[in-house]
Amino acid sequence: MEHEHSLRARIRAGDPDAFGALFDDYAQTVFRYAVRSTGDWSGGEDVVSLTFLEAWRLRGTLRESDEELKPWLLGIATNVLRNTRRAARRHEAALARMPAGAPVPDFADELVSRIHDAEQLAAAQAALRRLKPKEREVFLLCVWDGLDYRGAARALGVPVGTVRSRLSRARKRLRGLTEDEREKISGNMELPGSAGQYPSDRATAVRSNEREGNR
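Residues numbered from 1 in each chain as written. Predicted model: local features only at pLDDT ≥ 70, side-chain atom pairs only at ≥ 80, totals over all residues. Heavy atoms only, no water.

**Q** Mind showing me how you'd approach the confidence of the model for the protein chain here?
**A** Low-pLDDT portions of the prediction should not be read for the details of their coordinates. A residue-level look at the protein chain finds 62% of positions with pLDDT of 70 or above and a mean pLDDT of 75. For the stretch residues 101–116, pLDDT sits under 50, and the model shows seven contacts to residues farther than four places along the chain or on other chains. (pLDDT = per-residue confidence, 0-100. Contact = heavy atoms within 4.5 Å.)

Following this line, the structure appears as structure tokens:
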């Protein structure tokens, strides 16, 4: 805590080295929070950049005493994610008003290949997206990023009791939603044909063998 107290004072004073230390200590924490919230690895890097730019701008709001750095940063990241989602919705609305163009590739497989339990994570992320945004934020901060009720309340700017009630509702809803999403994902991953073979491939192989036998 003494280290954080000294770091807080130096950050408030605009010390670039102190801010560099803040980045080294917490960039990965912010990145994991962003990826878990969005499921987007490249977008997570953008959120990290925006979060620390905003943290530098807001460094004067960091209280000198009783202020933990992790909740403060994740609170800024939460606002960045909210603004990013609003911008994405405006962008999607603008695209919807334009004439249809070429299909956009789906990069979900890239995310799946980088996760040990891809099916479980995909189901969890899909279930999280079905939660109310405020419940999703509390769940990510408390369960996946390890903030206590007080830290999450500080990050979100709400009372501790509000954090408790939102987290309780989120946990109850997620139990059922995650299982529903796993069933959907498992069904979508089944391959056509017997033993993973496509009928057209098999027919081609049979015709090729018949030609070889007639030579």
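**Q** Would you mind going over the environment of Thr38 with me for this structure?
**A** On the secondary structure map, Thr38 appears in helix 2 (residues 16–38). The class for Thr38 is partly exposed, based on a relative accessible area of 33%. The spatial distance from the C-alpha of Thr38 to the C-alpha of Leu128 is 9.6 Å, given a sequence separation of 90 residues. At a separation of 2.9 Å, a polar atom in the side chain of Thr38 contacts the main-chain carbonyl oxygen of Ala34. (Helix = DSSP H or I, 4+ residues; strand = E, 2+ residues; numbered from the N terminus. Buried < 20%, exposed > 50% of the residue type's maximum accessible area, 1.4 Å probe, protein only. Polar contact = N/O pair within 3.5 Å; in protein donor to acceptor, adjacent residues only side chain to side chain.)

**Q** Help me understand empty space enclosed by the protein, please; the structure alone is not making it clear to me.
**A** Once rolled over the atoms, a probe with the size of a water molecule shows which space is left empty. Applying the stated rule across the entire model yields one cavity of 30 Å³ or more. Of the voids in this model, the largest cavity is the one considered here, and its volume is about 30 Å³. Around the largest cavity, the lining residues are Arg36, Ser37, Thr38, Gly39, Gln125, Leu128, Arg129 and Arg136. Mapped by element, the contributors of at least two residues to the lining of the largest cavity are helix 2 and helix 6 (118–129). (1 Å grid on protein atoms, 1.4 Å probe; cavity = no way out; pocket = protein on both sides within 12 Å on 5 of 7 lines; lining within 4 Å. Points joined across faces, edges and corners; volume = space filled by probe spheres on them.)

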